Protein chains: 2
Amino acid sequence: MPDIGKLLWPRSVAVIGASSDTSGLRGRVLQIMKGHPFAGPIYPVSRSASEVQGLQAFRSVDELPAPADLAVLIIPAKFVPQELERCGKAGIRAATILSSGFAETADGSGLALQDEVRAIARHHDMAVTGPNAEGFANTAAALCPTFSPVMEAVATPLVPPDGRARGQVAVISQSGGMGFALFDHGRPKDLSFRYVVTTGNEACLEAFDLVDYMLEEGKTDVFLLLLEDVKTRATFERVAASALRAGKPLIVGKLGQSEAGSRAVRSHTGALAGVHADYRALFERYGVIESRDPGEMVDIAAAFLAFGARLPAGKRVGICTSSGGGGAWLADACTAAGLDVPELDAATRGSIDVHLPAYGTSQNPVDVTAQAVHAVGYAPFARMVAGSPAVDGVIVIVTGRNPRLLLRDREALKTLARESAKPIFMWSYTRPAEACVALMSEAGYPLFTSMVNCARAMRALADYRCARERFMRG
Amino acid sequence: MPDIGKLLWPRSVAVIGASSDTSGLRGRVLQIMKGHPFAGPIYPVSRSASEVQGLQAFRSVDELPAPADLAVLIIPAKFVPQELERCGKAGIRAATILSSGFAETADGSGLALQDEVRAIARHHDMAVTGPNAEGFANTAAALCPTFSPVMEAVATPLVPPDGRARGQVAVISQSGGMGFALFDHGRPKDLSFRYVVTTGNEACLEAFDLVDYMLEEGKTDVFLLLLEDVKTRATFERVAASALRAGKPLIVGKLGQSEAGSRAVRSHTGALAGVHADYRALFERYGVIESRDPGEMVDIAAAFLAFGARLPAGKRVGICTSSGGGGAWLADACTAAGLDVPELDAATRGSIDVHLPAYGTSQNPVDVTAQAVHAVGYAPFARMVAGSPAVDGVIVIVTGRNPRLLLRDREALKTLARESAKPIFMWSYTRPAEACVALMSEAGYPLFTSMVNCARAMRALADYRCARERFMRG
């Protein structure tokens, strides 16, 4: 196995095909890279320009002032093999190939090129992603060799401020657009993404080679994977087993489940989508969490980051709400997600009832009413529900639109998140104000804005615990 | 039937129980009302204060300088009947009762009070919502008698600027929190809400009485309804039939489908949730569109507003994408939603193929590749796909993160939206920039940020056409 560290943590990068025309993809890669404070040198390689976007350019990777660790290739497919060979000879041990026109071509014209790429990478022991990839991002290194608009330098830093993120997420995706989309959906929810790596056709490195590296590195807590196929089943089984043993969940979107989807992945990365039932059986064996929805994947990741170390012991949920209708609707959603919403035990009910007006109820959903939540706050009720032996986890329905009640409750909410042995989720049925997002992140709660995802995430946590315990028993 | 116009379009409003303490619900109602430029007088009625939040207060509705059209009651339940009677005698013909403690009480202590309310309203022929409601909003009148934090005066106007909204939506909901949440989710998507009316226990007016009024009024194009029960089946059948005949879709969330949900609606509004299969059969007969997800309901409404007059003739979808992975994933989502994603006809494929590199495909999903979309733009490809006799509607996958390509295409996109005989949806797989939201709204496309909702909305349009044609044939 080549050194994936050279790929993800290079000290210097050559961009082969770099251009000054930032309206095209070739120019955008360099522009995006320059927008982030990567510490090492970036060498544009261009046959036609001596300077590209203000950087000195070089005619060939042979002529760099010092050898680069990583080459980014964005040149026509037919030139890729010879350039990759040149990289190998120049001592470059990693490459990401953004060019398209390989195994995914409809007429098969690029198949031979892809075989050449694979052979060259093997010969020089190079760590290569692609071809037909969209590059990657390493946020800690501020390195973004990609043309994804999501990684364009903007006001939002690549990772949340200190204290607002729990753990780190890695995205590994055959699809560039969809991979970076997961980052784009998760970042505003204060998820800290360590890596986004797109693998395209996977001529050389496969998704699970990267998972393997990241598990070894030990800094990634949750994996979001978008797969069009699993090329080497043995690698999947070995790595998925390691992940499950380590308690690092793999949340997978498997593309190409339908006939049309299968046609699409064939033309997208040359992948054979396979029979989905086979994948499902394989995934279930290793506790892999499947999802069909990008937003849901991100929400499940947020749930694991917050409460992955305190998984629910079963599927019984307590709902605590100041909106009676919200409680009813969420109870339906929990039931649809395969969770139970049982009535609470008498002792817990008694402790709650003393605070409720006649039109509230402690049955579960616990409708504390707007009046009682004004008087008592959210945290004390959530704590009482979490204390019930009848439930394995709690969902609190809040409105984060005007967060004054939540802010008043701030310290109690923080203490509860720290002390609770059961997962406690927050669903804001209105769009949360920024102060609410910050409070929840700092306190360590996942904040859901989708009711359905909230219910499904609780189910995913319960399923994962169950799958892991079964696996560990052997 | 009392005059619902007096309720929704009063010339003057009395707020019974108004308070200067804006940290409590009684103070918030008046504060929120004052935050919007309602043209008529607002009369606080208070036993203890001569002035409330800067307005002259009155000891009783008997003592108002002129009779009010509408009374808002937020006082303890036990005082509600006598105050409502006083309103009736003073000539007030409409009321919204925000107080709780009626049929929803666990011990039934409020049942008799609710019967009294009903009798008084009937006696004086008053249009009454509630009790246990959260008030309503009439955006055109800038009237928001509610304590919902969603209606607090903020920078965002109640409705989108001219030219950005197609048609108008009404929300009618037994649940206050969930009803206003639909507004909160839809407003940033440039949906124009004409009314949000919460009905609570529905002692007097029921949801379908309000739908009936709004159908008569003829200004509402799409209805979002959250029901815990249907109290009078005959009203439902008559009104749902009118709505279907008029082509005004009813998008319904039916709360209380599960055992726990059913328990919750009983304690929330005293509703008997009933057997869901019975509701489903009734809904299907009248083309009512059911949804279990607030975000999905809003997205389906947006789809109807844009293309309700050009419903798809069948379930066949063309997908046009610059992200190959996005095309595959959406094809899976469409299939899961019960849509077909067939291969396109040869003539259409030929016209597309001339623009594609070897690694693109016109099969469907049509993967035009990032390169071709840079060269040609989104609109020409979307037009070619829409022109195929093999499809009934089109979904275009875009990235609205950096909208430069879409903005370049602006005029062509507008023309296409105007001219297309088939619905064309846009799914942005990244969070759309404000400029992208504005462009799509102005051009008249629904812009989806959820892939799954986008697919389901197309299915809802197809189903609605089918149900309506069946119904019209009799």
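Residues numbered from 1 in each chain as written. Chains lettered and ligands numbered in written order. Predicted model: local features only at pLDDT ≥ 70, side-chain atom pairs only at ≥ 80, totals over all residues. Heavy atoms only, no water.

1. Digging into the pairing of strand β6 (residues 94-97) of chain A
Residue and element names in this part refer to chain A.
Okay, so step 1: Burial along β6 is two-sided: the residues Ala94 and Thr96 and Ala95 and Ile97 are all buried.
Okay, so step 2: With 4 bridges joining them, strand β5 (residues 70-73) and β6 adopt parallel strand pairing. Among the inter-strand pairings, Val72 is bridged to a residue of β6, identified as Thr96.
Okay, so step 3: In terms of strand pairing, β6 meets strand β7 (residues 127-129) through 3 bridges, oriented parallel. Residue pairing across strands places Thr96 opposite Thr129, the latter belonging to β7. (Buried < 20%, exposed > 50% of the residue type's maximum accessible area, 1.4 Å probe, protein only. Helix = DSSP H or I, 4+ residues; strand = E, 2+ residues; numbered from the N terminus. Pairing = 2+ DSSP bridges.)

2. Considerations on the sheet that holds strand β2 (residues 42-45) of chain B
All names here are of chain B.
Okay, so step 1: Spatial ordering of the open sheet is given by β2-β1-β5-β6-β7, a layout of 5 strands whose pairing is parallel. Each edge of the sheet is formed by a strand with only one pairing partner; in this case those strands are β2 and β7 (127-129). The mean angle between the axes of side-by-side strands here comes to 15°, regardless of whether they run parallel or antiparallel.
Okay, so step 2: Seen against the sheet, helix α2 (residues 25-34) touches β1 (13-16), β2 and β5 (70-73) and runs at an angle of roughly 155° to β1.
Okay, so step 3: Helix α3 (residues 80-89) contacts β1, β5 and β6 (94-97) of the sheet and is inclined by roughly 170° relative to β5. (Axes fitted to C-alpha atoms, helices over the stretch in contact; angles between N-to-C directions. Contact = heavy atoms within 4.5 Å.)

3. Focus on empty space enclosed by the protein
Residues and elements named next belong to chain B.
Okay, so step 1: Tallied over the full model, the rule gives 6 cavities of 30 Å³ or more.
Okay, so step 2: A volume near 60 Å³ is recorded for the largest cavity.
Okay, so step 3: In this structure, the largest cavity is lined by Glu202, Glu206, Ala207, Phe208, Leu227, Asp229, Val230, Lys231, Thr232, Thr235 and Phe236.
Okay, so step 4: For the lining of the largest cavity, the elements supplying multiple residues, two or more each, are α6 (207-217) and α7 (233-246). (1 Å grid on protein atoms, 1.4 Å probe; cavity = no way out; pocket = protein on both sides within 12 Å on 5 of 7 lines; lining within 4 Å. Points joined across faces, edges and corners; volume = space filled by probe spheres on them.)

4. Digging into the packing of aromatic side chains
Okay, so step 1: As enumerated under the stated definition, the model contains 22 aromatic pairs over all chains in all.
Okay, so step 2: An angle of 55° between the planes, with centres 5.1 Å apart, marks the rings of Phe183 of chain A and Phe193 of chain A as tilted. Note that Phe183 of chain A is positioned in helix α5 (residues 176-186) and Phe193 of chain A in strand β10 (residues 193-198), a separation of 10 residues in sequence. In terms of burial, Phe183 of chain A and Phe193 of chain A fall into one category: buried.
Okay, so step 3: Measuring from ring centre to ring centre gives 6.2 Å for Tyr286 of chain B and Phe471 of chain B, while their planes differ by 55°; the resulting arrangement is tilted. Placement of Tyr286 of chain B in the loop between α9 (276-285) and β13 (289-290) and of Phe471 of chain B in helix α18 (residues 451-473) is noted, with a sequence separation of 185 residues between them.
Okay, so step 4: These aromatic residues form a ring-pair network of at least three members: Phe208, Phe236, Tyr279, Phe283, Tyr286 and Phe471 of chain A.
Okay, so step 5: The residue whose ring lies beneath Lys254 of chain A is Tyr279 of chain A, and the NZ or CZ to ring-centre distance is 4.5 Å.
Okay, so step 6: The cationic tip of Arg47 of chain B hangs over the ring face of Phe79 of chain B; the distance from NZ or CZ to the ring centre is 5.8 Å. (Phe/Tyr/Trp six-rings, centres within 6.5 Å; stacked < 30°, edge-to-face > 60°. Lys NZ or Arg CZ within 6 Å of the ring centre and 35° of its normal.)

5. Notes on the sheet that holds strand β14 (residues 317-321) of chain B
Strands pair in a sheet through their backbones, by hydrogen bonds, and they do so in one of two ways: parallel or antiparallel.
Residue and element names in this part refer to chain B.
Okay, so step 1: Spatially, the 5 strands line up as an open sheet ordered β15-β14-β16-β17-β18, and their pairing is parallel. Edge positions in the sheet fall to β15 (366-367) and β18 (447-448), since each of these pairs with one other strand and no more.
Okay, so step 2: Bridge count for strand β16 (residues 393-398) against strand β17 (residues 424-428) is 5 bridges, and the pairing is parallel. When the sheet's bridge partners are listed, Val398 is paired in β17 with Ser428.

6. A look at the relation of the copies chain B and chain A
Okay, so step 1: Once chain B has been moved 0.0 Å along the axis and rotated by 180°, it coincides with chain A to within an RMSD of 0.0 Å. Taken together, the rotation and translation describe the operation of a two-fold axis. Of every C-alpha in chain B, the one belonging to Ser450 of chain B sits nearest the axis of rotation, 5.5 Å from it.
Okay, so step 2: The fraction of interface residues of chain B whose copies in chain A are also interface residues reaches 100%, indicating that both copies meet through the same surface. (Least-squares fit on C-alpha atoms with pLDDT ≥ 70 in both.)

7. Remarks on α3 of chain B
All names here are of chain B.
Okay, so step 1: Every buried residue of α3 is accounted for by Val80, Pro81, Glu83, Leu84, Cys87 and Gly88. Projected onto a plane normal to the axis of α3, the buried residues spread over an arc of 165° and lie on a single side.
Okay, so step 2: The inward-facing, buried residues of α3 contact β1, β5, β6 and α4 (111-123).
Okay, so step 3: A positive backbone phi angle near 90° is found at Gly91, which sits one or two residues after α3. (Arc of directions from axis to C-beta.)

8. Things to note about the pairing of strand β9 (residues 169-173) of chain A
Residue and element names in this part refer to chain A.
Okay, so step 1: Of all 5 residues in β9, 5 are buried; the element is thus mostly enclosed.
Okay, so step 2: Where burial is concerned, the two faces of β9 agree: the one with Val169, Val171 and Ser173 and the one with Ala170 and Ile172 are both buried.
Okay, so step 3: In terms of strand pairing, β9 meets β10 through 5 bridges, oriented parallel. Residue pairing across strands places Val171 opposite Val196, the latter belonging to β10.
Okay, so step 4: Handedness of the β-α-β unit built from β9, α5 and β10 comes out right-handed.
Okay, so step 5: Relative to strand β11 (residues 222-227), β9 is paired through 5 bridges, and the arrangement is parallel. By the bridge assignment for β11, Ala170 is matched with Phe223. (Right-handed = clockwise from strand over helix to strand, strands pointing away.)

9. Examining unusual backbone geometry
All names here are of chain B.
Okay, so step 1: With an omega dihedral of 0°, the bond running from Gly130 to Pro131 counts as a cis peptide bond.
Okay, so step 2: Put simply, Asn364 and Pro365 share a cis peptide bond, and its omega is 0°.
Okay, so step 3: You can see Pro365 is positioned in the loop between α12 (346-353) and β15.
Okay, so step 4: One non-glycine residue with positive phi stands out, namely Gln53, at about 50°.
Okay, so step 5: Within the secondary structure, Gln53 is located in the loop between β3 (51-52) and β4 (55-56).

10. Let's talk about the interface of chain B and chain A
Okay, so step 1: Tallying the contact residues gives 74 residues for chain B and 75 residues for chain A.
Okay, so step 2: Both sides together, the interface formed by chain B and chain A hides about 5700 Å², and carbon and sulfur atoms give 59% of it.
Okay, so step 3: Of all residues in chain B, Arg263, Trp329 and Tyr359 of chain B give up the largest surface area on contact with chain A, accounting jointly for 13% of the area buried on that side.
Okay, so step 4: Measuring nitrogen to oxygen at the nearest pair gives 2.7 Å for the salt bridge that ties Asp184 of chain B to Arg401 of chain A.
Okay, so step 5: Our enumeration of links across chain B and chain A arrives at 32 residue pairs in polar contact (both at pLDDT 80 or more).
Okay, so step 6: Breaking the side of chain B that touches chain A down by element, the ones donating at least two residues are α2, α5 (176-186), β12 (250-254), α8 (259-269), α10 (294-307), α11 (324-336), α13 (369-376) and α18 of chain B.
Okay, so step 7: Of the residues forming the side of chain B that touches chain A, the biggest block, 10 residues, is contributed by α11 of chain B. (Buried area = accessible area lost by both parts, 1.4 Å probe. Salt bridge = Lys/Arg side-chain N within 4 Å of Asp/Glu carboxyl O. Polar contact = N/O pair within 3.5 Å; in protein donor to acceptor, adjacent residues only side chain to side chain.)

11. Things to note about helix α14 (residues 378-386) of chain B
Okay, so step 1: Buried residues dominate α14 of chain B, accounting for 7 of its 9 residues.
Okay, so step 2: For α14 of chain B, the full list of buried residues reads Tyr378, Ala379, Phe381, Ala382, Met384, Val385 and Ala386 of chain B.

12. Here we look at the pattern of salt bridges
Residues and elements named next belong to chain A.
Okay, so step 1: For the coordinates displayed, the defined rule picks out 58 salt bridges over all chains.
Okay, so step 2: Glu217 is the salt-bridge partner of Arg194, the closest N and O atoms lying 3.0 Å from each other. Note that Arg194 is positioned in strand β10 and Glu217 in helix α6 (residues 207-217), a separation of 23 residues in sequence.
Okay, so step 3: For Glu217, a relative accessible area of 24% gives the class partly exposed.
Okay, so step 4: Across the pair Glu469 and Arg465 runs a salt bridge whose closest N-O atoms are separated by 3.1 Å. Note that Glu469 and Arg465 are positioned in helix α18 (residues 451-473) at a spacing of 4 residues, about one turn of the helix.
Okay, so step 5: A residue is classified by how much of its surface remains accessible, and Arg465, at 28% relative accessible area, is partly exposed.
Okay, so step 6: Overlapping salt bridges bring together Arg164, Arg187, Asp190 and Glu434 as one network.

13. Points about the side chain of His276 of chain B
Residue and element names in this part refer to chain B.
Okay, so step 1: Assignment of secondary structure puts His276 in helix α9.
Okay, so step 2: Relative accessible area serves as the criterion here: at 12%, His276 is assigned to the buried category.
Okay, so step 3: Setting aside its immediate chain neighbours within four residues, His276 contacts Lys254, Gln257 and Glu290.

14. Section: the confidence of the model for chain A
Okay, so step 1: Residues at a pLDDT of 70 or more form 100% of chain A, whose mean pLDDT is 96.
Okay, so step 2: Confidence metrics for the complex model read pTM 0.97 and ipTM 0.97. (pLDDT = per-residue confidence, 0-100.)

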